[in-house]
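Residues per chain, in single letters:
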Amino acid sequence: MGHGTPCSLPCLPVAIEDHRSPPIGRPFTLLWLGQAISQLGDYIAYFTLPAFVSVLTSRATDFALVFAAENVPTLLFGFSAGVLLDRVSLRAAALVADLGRALAFAMLAVFAASGAPSIWILFLVSFAVGTLAAGFNAALPSFLPAVVAPDRVTSANARLSFTQQLAFVVAPAIGGLIVQAWGFTVAFIINAATFIASVISLMFVKAQRVMERAEERTSFSDELKEGLRYLWQHPVLKPATLAAAATNLVVAFIESMLVLLGREVFGIEDFARLGIVFGALGAGGVVGAATASRIIQRLGLGRTLIIGMFVFGLGTLATALQRTVPGVAVSLGAALIGVPWINIAIITMRQTMTPDALLGRVTSASRSIAWGTLPIGAVIAGLLADEFVGLETLTYAAPVFLLGVAALMLRTELWSGHARPAHDGENMTSPKAERPAS
């Protein structure tokens, strides 16, 4: 990281994709194929799990609690998981997490086939899946810089995000059709199988460089504090993490309540049409992922993140005004354009602004803070919808809150121009990230 004074923590340049760079490489392609299959199953479950909840209950709080159960492990275990990831093989950690998730969805399929599933079973399975996901979602981005060249990190993140958003387009509609034709058991079995595909790909992916590790280990608590201190004192990573946390409060409301919103606010009743709406809004995510690298190259990581917040906020606000299936699909699709811009920007910041020896801890700490608002936002939304203002009012209030946070981010280092793309072939550098003398 370029700066004028010595930095007591190792600092790295932020590599922005150069379209003249060599191909991204076979190891990443193998990793990407496994994730593409896994993501397809993820988004089948993204629809079928809340749809399954709707068979058991119509209370917004129950929808929120299932969503929260899947996401609260990131808040509970994310910080400590980062310390563990900096001590173990990142590839092995991702592999074990996916094996566990395959088993969890296989068990859910058994419960669905039993004919008398309980909402409490869904809470437990969601919590188990979320716990394993907390490890996987920190391990994979931390492992990625070992698989691709530094100047291809943005491109690799963009490709993974593009595939994820493409799965979002087709998988929910597929999930809706599967449920209509064969039921929830088959849908959960398919999801379990896709995690096995990810495991197989990870088994054959070989790192192209050795990730640096701390030469001397300190205590667990000291290493945890070191990762948090690096994140909290970094002038770009700190506001980026807070911006993502605010965004996820709104994401939590939309994701946890989307089936209920479709039925009670937008008047969309059957599962097949709901699945189509889920898939249609994913088309915006495809556009966002496909354009992210170019937007980052032109505007820089920080400004891309903030603009993504504005796009997402305005799109969700427009959705509140809709009452037809096409209107909901188009406005939510427009909103989703901004989400990959946010995600790719912050992931690339963490990967390229953090030393190898701290990458697991900083990634996990940042994700724990950013994703920790998902269960909080879901529970708050459920309580507000059931007890106070109602679902429809929340559809207006949530995006207004997000737009206000985005406006505040204009006053941070994210917008100031420090984190901007390279010009004339030079690497982009981040601002100073000094650790005060102790």
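These figures come from a predicted structure and were not determined experimentally.

As for the overall build of the protein chain
Thinking step 1. A count of helices and strands for the protein chain gives 15 helices and zero strands.
Thinking step 2. Counting every position in the protein chain, which comprises 438 residues, the buried fraction comes to 56%.
Thinking step 3. Across the protein chain, contacts joining residues at least 24 apart in sequence account for 88% of those joining residues at least 6 apart.
Thinking step 4. Accessible area for the protein chain stands at about 17,600 Å²; split by element, carbon and sulfur atoms hold 66% of it.

A short note on the packing of helix 1 (residues 26–56) against helix 8 (residues 237–264)
Thinking step 1. Between helix 1 and helix 8, whose axes approach to 9 Å, the crossing angle comes to 60°. In terms of axis orientation, helix 1 runs oblique to helix 8. Where helix 1 crosses over helix 8, the handedness of that crossing is right-handed. Mapping the contact onto sequence places Y46, P50, A51 and S54 in helix 1 and E255, V259 and R263 in helix 8.

Some words on the confidence of the model for the protein chain
Thinking step 1. Taken over all residues, the pLDDT of the protein chain has a mean of 79, while the share at 70 or more is 85%.
Thinking step 2. The secondary structure element of the protein chain with the lowest average pLDDT is helix 2 (residues 60–85), at 78, and the one with the highest is helix 10 (residues 301–319), at 94.
Thinking step 3. Segment residues 1–22 is flagged for pLDDT under 50; beyond a separation of four residues in sequence, or across chains, it makes 61 contacts in the model.
Thinking step 4. Scored below 50 in pLDDT, residues 420–438 shows 49 contacts in the model against residues more than four places distant or in partner chains.

Observations regarding the packing of aromatic side chains
Thinking step 1. Summed over the entire model, instances satisfying the criterion amount to six aromatic pairs.
Thinking step 2. Ring geometry for W120 versus F123: centroids 5.1 Å apart, planes at 85°, classification edge-to-face. Of the two residues, W120 and F123 are both situated in helix 4 (residues 119–143); the distance of three residues between them amounts to about one turn of the helix.
Thinking step 3. Its relative accessible area of 60% is what places W120 among the exposed residues.
Thinking step 4. Clustering of aromatic rings is evident, with ring pairs tying together F52, F105, F184, F188 and F195.
Thinking step 5. Across the ring face of F136, the terminal group of R101 is positioned such that the distance to the ring centre comes to 4.6 Å.
Thinking step 6. Positioned above the aromatic ring of W32 is the side chain of R159, whose terminal nitrogen or guanidinium carbon lies 5.6 Å from the ring centre.

How each quantity is defined
Residues numbered from 1 in each chain as written. Predicted model: local features only at pLDDT ≥ 70, side-chain atom pairs only at ≥ 80, totals over all residues. Heavy atoms only, no water. Helix = DSSP H or I, 4+ residues; strand = E, 2+ residues; numbered from the N terminus. Buried < 20%, exposed > 50% of the residue type's maximum accessible area, 1.4 Å probe, protein only. Contact = heavy atoms within 4.5 Å. Areas by Shrake-Rupley, 256 points an atom, 1.4 Å probe, with all protein chains shown as cover. Axes fitted to C-alpha atoms, helices over the stretch in contact; angles between N-to-C directions. Parallel < 35°, antiparallel > 145°, perpendicular 65-115°, else oblique. Left-handed = near helix turned anticlockwise from the far one by under 90°. pLDDT = per-residue confidence, 0-100. Phe/Tyr/Trp six-rings, centres within 6.5 Å; stacked < 30°, edge-to-face > 60°. Lys NZ or Arg CZ within 6 Å of the ring centre and 35° of its normal.

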